[in-house]
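# Observations on chain architecture
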Amino acid sequence: MKSDLHKKLVDLYAGGELPKELNEELEMVAFNDAELSHDMSTLRQTVDLLKNDPGPEFTEESYQRVLMKIYARGGNIEPRAATPIHMQYQLPMQG
């Protein structure tokens, strides 16, 4: 029973959301339980990596690509902002 409770607390441990006393108790139990220790360390590493990941960058080019895919599939939407001038075709100047 106690082991099931500890396994359920691993996700809170990995996120650093446990109180200090419960955190220490879980670490002491994990010292004698290899499976619990492995779960705790790997999940904490995963959570740390995800927290430090800056995530995808959504640029103006990405926005235009998504917009063109929507139009190609028959979607009819009006963007709030006008199309940027750098996305317009420029005619050569003849003088």
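Residues numbered from 1 in each chain as written. Predicted model: local features only at pLDDT ≥ 70, side-chain atom pairs only at ≥ 80, totals over all residues. Heavy atoms only, no water.

## What about the overall build of the chain?
The condition that has to hold: Counting from the N terminus, the helices are DSSP H or I runs at least four residues long and the strands are E runs at least two residues long. Think of it in three bands: with a 1.4 Å probe and only protein chains considered, a residue is buried below 20% of the maximum accessible area for its type, exposed above 50%, and partly exposed in between. The Shrake-Rupley method, run with a 1.4 Å probe sphere, supplies the accessible areas, and residue values consider only the shown protein chains as cover.
Helix and strand counts for the chain stand at four helices and zero strands. For the chain, the α and β elements follow one another from N to C terminus as α-α-α-α. Within the chain, the fraction of its 95 residues that count as buried is 18%. Accessible surface, the chain: about 8,300 Å² in total, of which carbon and sulfur atoms supply 56%.

## Here we look at the packing of helix α2 (residues 20–32) against helix α3 (residues 34–52)
A pair of packed helices can be characterised by two numbers: the angle between their axes and the separation between those axes. The condition that has to hold: Lines fitted to C-alpha atoms define the axes here, with helix axes fitted over just the stretch in contact, and angles between the N-to-C directions of these axes take values from 0 to 180 degrees. Any angle that falls under 35 degrees is termed roughly parallel, while one over 145 is termed roughly antiparallel, one within 65 to 115 roughly perpendicular, and all others oblique. Put simply, a crossing is left-handed when the front helix is turned counterclockwise from the back one by less than a right angle, and right-handed when it is turned clockwise. Whether two residues are in contact is decided by their heavy atoms, any of which lying within 4.5 Å being enough. Only Asp, Glu, Lys and Arg are considered charged, only Ala, Val, Leu, Ile, Met, Phe, Trp, Tyr, Cys and Pro nonpolar, and every remaining residue, Gly among them, polar.
Taken N-terminus to C-terminus, the directions of α2 and α3 make an angle of 125°; their axes are 6 Å apart at the nearest point. One finds that α2 runs oblique with respect to α3. Where α2 crosses over α3, the two elements pack in a sense that is left-handed. Contacts from Leu-26, Glu-27, Val-29, Ala-30 and Asn-32 of α2 reach α3 at Ala-34, Leu-36, Ser-37 and Met-40. Here the contact of α2 with α3 is built from residues that sort into six nonpolar, two polar and one charged.

## Things to note about the confidence of the model for the chain
A low pLDDT means the predicted coordinates there should not be read in detail. Definition in use: Think of pLDDT as the predictor's per-residue confidence, scored from 0 to 100.
Averaged over every residue, the pLDDT of the chain is 84; residues scoring 70 or more account for 85%. Highest mean pLDDT in the chain belongs to α3 (92); lowest belongs to helix α1 (residues 2–14) (83).

## A word on a nonpolar patch on the surface
Heads up, the rule is: Within this analysis, patches are made of residues with over 30% relative accessible area and no salt bridge. Like charges are joined at 9 Å or less; nonpolar side chains (Val, Leu, Ile, Met, Phe, Trp, Tyr) at 5 Å or less. Definition used for salt bridges: Asp or Glu carboxyl oxygen within 4 Å of a side-chain nitrogen of Lys or Arg.
Where nonpolar side chains cluster on the molecular surface, the patch consists of Phe-58, Tyr-63, Val-66, Met-68, Ile-70, Tyr-71 and Ile-77 and spans about 620 Å² of accessible area. Assignment of secondary structure puts Ile-70 in helix α4 (residues 60–72). Residue Ile-70 is classed as partly exposed on the basis of its relative accessible area, which comes to 33%.

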